[in-house]
Amino acid sequence: MHPTLSLEKSKIKILLLEGIDPSAVTALNRAGYTSVTLLKKALEGQELLDAIENVHFIGIRSRTHLTREVFEHAKKLIGVGCFCIGTNQVDLDAAAEMGIPVFNAPYSNTRSVAELVTGEYLMLLRDIPRRNALLHRGGWDKTAGGNHEARGRTLGIIGYGHIGTQVGIIAESLGLKVIFYDIERKLALGNAVQVDSLDELYQKADIITMHVPETDQTKHMINAESFSKMKQGVRFLNASRGTVVDIDALCDALKSGKVAGAACDVYPKEPKAKGDEFVSPLREFDNVILTPHIGAGTEEAQRNIGTEVAEKLALYSDNGTTLTSVNFPEVSLPALRANVSRILHIHSNVPGVMRAINEIYARFDINVASQYLETNQQIGYVVMDVSANDLTEVLPLLKQVKGTVKCRVLY
């Protein structure tokens, strides 16, 4: 006997926004989910509130913002997929409070970003952006001054995570020396060396590339003081988050020659739509490469992201697994089994919840075949396989347990 899902897959509504790669739809269809709507645009305001009201899962990229107000309207929402690395467009605390895990794709675009950064610093070392602009205006500058080979130069990586390590590996194959700074002690790959301070990195690096998340601590971490400590003629790149660099300070460093060239893929304010004007003081500099947030903008990365996040949503819907969720206790669960029912109980992390749940089972003489519990500071998540086919009396009592956020029968 195969277990029966409490809600048929064909009735589970999934909304994907912002032109998420069709690979996501393919992955969901392959898992049995057929009620999938794919929209090319982002949604906001009342349009978003209306759209999310009756969906079970929503997938977004970076331009759709899921706030507490949005989650309060999403009465049926079970999970969120961020088809990107960042999750700062989602109120993660509000989602957790309402029992909604959020998943992202922290690994699928690492190679794409690393290759973009590599190509850009090679062009900056050869002064290609300025010379390209000059030729477009009819000029000609064939001098070797200011041009450098990558070999023997020192690359400084700020943030040695998945992307930073990839950048370092590629750089070493080109003959660069690699140093990095991270707030945690990290195992260096290849011959990369971790330095003890940002100041040390500033003093040694010929090229500096940023790969840090957006947090209160990283906002404007690169500022006028930072640039003043860097080498004269440093090349500077930011493909992480727009808020980590003080753009006015970068402009001043470019004007003074402290920074000989720069490349930016992210900005403090970015256009909302394709046709909107990009406004930035960096536009005036010929020696700056400006790209429109395309670090992950390769067909390969988008295809991998679409598949990765869609499979995480399907797995959570199928059996309750929350592994790699960014805001939720992580539980890895086995596949559905015959002759048991699986109950998902999400509750505030307060004392007494598990005791109350187990007392209910004891009252109805229900055997717990297996139980999986994980908590974080905010939320407790327990998945219970119980030997009971009829839960009509039990489920309302479980929902009434003090601290319960959500409780549902999966199958």
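Residues numbered from 1 in each chain as written. Predicted model: local features only at pLDDT ≥ 70, side-chain atom pairs only at ≥ 80, totals over all residues. Heavy atoms only, no water.

Chemist: Let's hear about helix α10 (residues 247-256): which residues, and what values?
Modeler: Taken together, the buried positions of α10 are occupied by I247, A249, L250, C251, A253 and L254. Contacts from the buried residues of α10 go to α9 (224-229), β10 (234-238), β11 (259-264) and β12 (288-290). Where α10 begins, the capping side chain belongs to D246, and its oxygen is found 3.1 Å from the backbone nitrogen of D248. One or two residues past the end of α10 sits G257, with phi positive at roughly 90°. (Buried < 20%, exposed > 50% of the residue type's maximum accessible area, 1.4 Å probe, protein only. Helix = DSSP H or I, 4+ residues; strand = E, 2+ residues; numbered from the N terminus. Contact = heavy atoms within 4.5 Å. Polar contact = N/O pair within 3.5 Å; in protein donor to acceptor, adjacent residues only side chain to side chain.)

Chemist: I'd love a proper account of the layout of surface pockets, names of residues and values included.
Modeler: Taken as a whole, the second largest pocket spans an internal volume of roughly 340 Å³. In this structure, the second largest pocket is lined by 17 residues; those nearest its centre are S6, L7, I78, R408 and V409. With four residues, the single largest contributor to the lining of the second largest pocket is strand β16 (residues 404-409). Considered class by class, the residues forming the lining of the second largest pocket number 10 nonpolar, two polar and five charged. (1 Å grid on protein atoms, 1.4 Å probe; cavity = no way out; pocket = protein on both sides within 12 Å on 5 of 7 lines; lining within 4 Å. Points joined across faces, edges and corners; volume = space filled by probe spheres on them. Nonpolar A, V, L, I, M, F, W, Y, C, P; charged D, E, K, R; others polar.)

Chemist: Describe the pattern of salt bridges, and please don't skip the residues or the numbers.
Modeler: Scanning the model with the defined rule gives 22 salt bridges in all. Linking R130 and D127 is a salt bridge whose minimum nitrogen-to-oxygen distance equals 2.8 Å. Here R130 falls in the partly exposed class, since its relative accessible area comes to 28%. For D127, a relative accessible area of 12% corresponds to the buried category. A network of salt bridges, in which partner residues are shared, links D127, R130, R131 and D141. (Salt bridge = Lys/Arg side-chain N within 4 Å of Asp/Glu carboxyl O.)

Chemist: Any chance you could break down empty space enclosed by the protein for me, citing the residues and the numbers?
Modeler: A probe matching the size of a water molecule, rolled over the atoms, marks out where space remains unfilled. For the coordinates displayed, the defined rule picks out one cavity of 30 Å³ or more. Lining the largest cavity are L77, I78, G99, Y316, L344, I346, K406, C407 and R408. Contributing elements (two or more residues each) for the lining of the largest cavity: β13 (341-348) and β16. A total of three residues in the lining of the largest cavity trace back to one element, the largest contributor, which is β16. The class makeup of the residues in the lining of the largest cavity is six nonpolar, one polar and two charged.

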